[in-house]
Each structure stands twice: as structure tokens, then as C-alpha cells.
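Report on the structure
In case you want the letters, here they are:
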Amino acid sequence: MDNNKVQKNRENWKKKRRMRLIKSLIVIAVLILAGAGVLAGLAINRENRRKAAEKAALREAIEEEEAKLAARRALIEKADYLALGYDYDGAINLLMQEENYENDSELAHAISGYVVSRSQLVAKDVTEVPHIFFHSLIVDKDRAFDESKWGSSTVAGNNAWMTTVDEFDKIISQMYENGWVLVRMRDLVTVNEDGTFSKNTNLLLPEGKKPYVLSVDDWSYYHSYEGQGYAEKAVLDSDGNVKCRYVDANGVVNIGDYDVVPRLNTFLEAHPDAAYKGARGMIAMTGYNGVFGYRTDAAYRTGENLDADQRAWLEAHPDFNWDEEVKEAQKIAEAVKASGWEFACHTWGHLSVTNASVETLMADHEKWKNTVANITGPTDTIIFAHGNDIGSFRDYTEENEKYAYYKGEGYRFYANVDASTPHWLQIRQNYLRQGRIDCDGLQMWRSLSGQAKTNVFEGLFDVKSVFDETRPTPVTASGKA
């Protein structure tokens, strides 16, 4: 072989080897770079995950702290609400349940403020507490006072015994402005260890504030009210609050504050300082037409002993289901009690207890227990219908058969009607008895016209500015309450 050719082959081989070496180095470099990129990517991912974890932990810590702050704010707001209703002990105890409350400057400051406010309260004389009451409110005066449609007797009853929505609003607002604070009947007594009553000497309110009791009679929407401008039944709104169903003169159905219970609830929610420790009123219930506008008496179920109104109502409601009616009424009762109201017996048949025999009262009360208490629950309070009483102004005694019977049935709180004086109260070992003032057209007219010996509304509200001038006058004591 020629030397030149050998040399050329050798050079070609060297050249190919260099090329292979270069390619190998390039591959190695690429692999190194790729590996470095992977390692860098992994490092970046690790860093990103670390940062994300730190952010998540920080966000969780912030959310946890915000939740604690929100819970504390809600706790203080709840305590403040209790304090607005003069329940300073309740407000203090609520905050002291918080762990390490004494080391929390905000909670400690709130507690010290409640302690100072509590120290400024003064005891009120419970024997000077007035008790006012209402029947269902007139929503549409034109219909309620239309003699051409209802006749003079019905209109006279509406005019004498009822209060209009506008009058009610003025009464409650003026009493609030005049410093009156709603309390319960049971707030007037102390129950001793042996179960006996004594005067509550520790009913504490700020200087200038004055306690009063409120009740409502006959929240049943009797058939005799139909079409006369009253609400027709109690209902629950979408939030579970008690409201009333009202059908206006054009047949339009409305749900709202069309009677005392929801109307006062709404007022007191906006003015918690108008009620002592969340107090509400007492609702005196009959049963012969059912309760709250629900036809829950046994007669509607059995079809026996129906009067003309009941028979007509059942004929107009062929799909009526007594069991469902009772269930709906029970829902209303539970919501009413949850909002702070209490129930009282008003006798099943709206009886005159003065004239009825003990046997009649016993039979009536059995009906009340079976067709009212099964919905409202038991009660220890009886409010007598027609302003009657089971005795004179002298103390009840065991010799009084009617008292002995009702006492045996568990009644300890009694109320009649007495608009001759701003307040009347008996507190004895085994009972409390209180006189009530009717805030209706008749009593307001008597005060305005000078027929009343005493203007029992003086200091409560201004009758002249409250009395609806569109009422038929004079207002006379006639018609059915």
C-alpha cells in the first residue's frame, strides 16, 4: 500500500475519532445540562412548594386569628345585648366563660363596664307596677267600624274593646320614651326555698326607668272577627319568626306584623332596653274556636256540638285536617315561647268565673287542658275573662272553692281587670294577683271625656295624642269582647 494512502486513511480515522469524541462530549454536555435543568426544576418545585406551604400556613393562621376575633366580637355583642336589657350578671358570666378572660384587655374592659353599670341600678317597688293589656289589633278601621255591613252591636264591640294598629304603636313608643320597661309577672315575686312567694326586692333598673307588665287576650281569631279588618291567623315567616296572615279588603294576602305579638317583638328587637332581661308579655288563651286562627278545638274534629259559625267554616273548608291543624298550631306556640312570650289560661269558653259554678269551671278547664294546653303547654297563670274574678279584693282563702280548685290545678298567678287605679297587686305566700288596665277604645274614651274617676294612663302615655279620631264616638260599653 502506498504511504500516502496509508497516511490519508490514518488521518481520516483520526478525524472520525475526533468527531465521535466531540459527539460524545456534546451528548455528555447535553446530559449534564439536562440533568442540571432537572435538578434546577426540582429545586424550583421544592421552593415553590415550600413557599406555597408557608403561604397556606400563614393564610390558615390569619383565618384562625380572624375567626377568633370574630368569635370574640360576637361574644361581646351578645354580652352587650344582654346588658342593654339590664342583665348585667348574664353579660358578665358570659364573658367570664372565655378562657383567660382576665388577661384579655378587651373582655376585661367590657366586664368592668358592666360592673359599673350594675352598681348604678336601683330596686323598684313591685307593688307599683301597672299591668296593661290588649285584644287583637284592628288593622283596617274602615271595615271594623262599618255599621252598614256589620250592624251597630258588632261595631260597638270593635270600638269599645279593641285597639288599632296605629294606637298600639303610639302607646308602646310613648311608654318607651317615658322610661317604661316591660317585665314579667313572675319578675314581681321571689320564690323562696319552701316554694312560697314574697315580694321581689331586687328588681333592679336604672334610675328613671319604670317596670310594667303586658298581656294579650283572646289570640284565637274567632269566627266573629272574620272580614272585619283583623289578621286571620298566626304564621311563621321563612326565618321562623312569628308573623300574622292578613287579607286586605281587596283580597290580597299579606304576611307581617299585623297584631300585638309580632309587632311588639319587632319593636323590642330594635329597642332591647325596653324589656327587662328579654321579657315579653303574657297571652291569655281560650279554646272554643281554636288558637292562633287554627281550628284546633275537638268540635272541629268530631263534628259534634258545632255552632253555626263552626259549621259554616267546616263546610267552606272541605279539605280540613284536624291533626295537621294541631301540628301547625304547636309550631306557632313553640316559636312564640322561644321569643320570650308566656301563655296563660283564659278559660276554654271565655267564661264569667264570677257567675259560673265550681262544677262548670272544672268541666271548662278539662276542655282547656285537652284542646289548648296540648298546644301551648301547661301554665301556672290564669287571666280571668270579662274582667271577672273568683273573689273580692280580699285575700283568696282555701274556703274559696274556686281558688282551691285552681290552686290544685297548679295556678299561682292570677289577673283580673281594674282600671280604677294605676296599679293593684296582691302578693301572698301562695299566689300573686294583679289588676290589669285595658288599653282599648272604651277606656281611652272614658279618660278623654272625663268619665273615668282616674286617668290611669297618665304617666304611661298621652291618651289625646293616641286616641284615633276616626273612631265612632261616644264609645260605649256594648258589644262582645
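Scroll up a little and you will see the structure.
Keep in mind the model is a prediction, meaning the values are calculated, not measured. (Residues numbered from 1 in each chain as written. Predicted model: local features only at pLDDT ≥ 70, side-chain atom pairs only at ≥ 80, totals over all residues. Heavy atoms only, no water.)

Here we take up the nonpolar core. In terms of nonpolar packing, the biggest core is built from 94 residues, with Leu214, Trp219, Phe292, Tyr406, Tyr414 and Phe461 touching the most fellow members. The leading source of residues in this core is helix H11 (residues 322-338), at seven residues. If near-sequence neighbours (up to four positions away) are discounted, phenylalanine 292 is found in contact with Trp219, Ser220, Tyr221, Lys233, Ala234, Met285, Ala329, Ile332, Ala333, Phe343, Ile375 and Thr376. The next biggest cluster of nonpolar side chains, apart from the first, holds 31 residues, and it includes Tyr88, Met185, Val189 and Leu432. (Core = buried A, V, L, I, M, F, W, Y, C linked by side-chain atoms within 4.5 Å. Buried < 20%, exposed > 50% of the residue type's maximum accessible area, 1.4 Å probe, protein only. Helix = DSSP H or I, 4+ residues; strand = E, 2+ residues; numbered from the N terminus. Contact = heavy atoms within 4.5 Å.)

Turning our attention to the sheet that holds strand E12 (residues 253-256). The strand order E10-E11-E12 describes an open sheet built from three strands, whose pairing is antiparallel. Each of the sheet's edge strands pairs with one partner strand only, and the pair in question is strand E10 (233-236) and E12. Taken over all neighbouring pairs, the strand axes of this sheet differ in orientation by 35 degrees on average, direction set aside. Where E10 meets strand E11 (residues 242-247), four bridges bridge the pair, whose relative direction is antiparallel. Looking across to E11, one finds that lysine 233 is bridged to arginine 245. (Pairing = 2+ DSSP bridges. Axes fitted to C-alpha atoms, helices over the stretch in contact; angles between N-to-C directions.)

The way to describe two aromatic rings as a pair is by their centre distance and the angle between their planes. One pass over the structure, following the stated rule, counts 25 aromatic pairs. Ring geometry for phenylalanine 134 and phenylalanine 168: centres 5.0 Å apart, planes at 75 degrees, overall edge-to-face. Residue phenylalanine 134 is located in strand E2 (residues 131-134), and its partner phenylalanine 168 is located in helix H7 (residues 165-177); the two are separated by 34 residues in the primary sequence. Both residues of the pair, phenylalanine 134 and phenylalanine 168, count as buried. (Phe/Tyr/Trp six-rings, centres within 6.5 Å; stacked < 30°, edge-to-face > 60°.)

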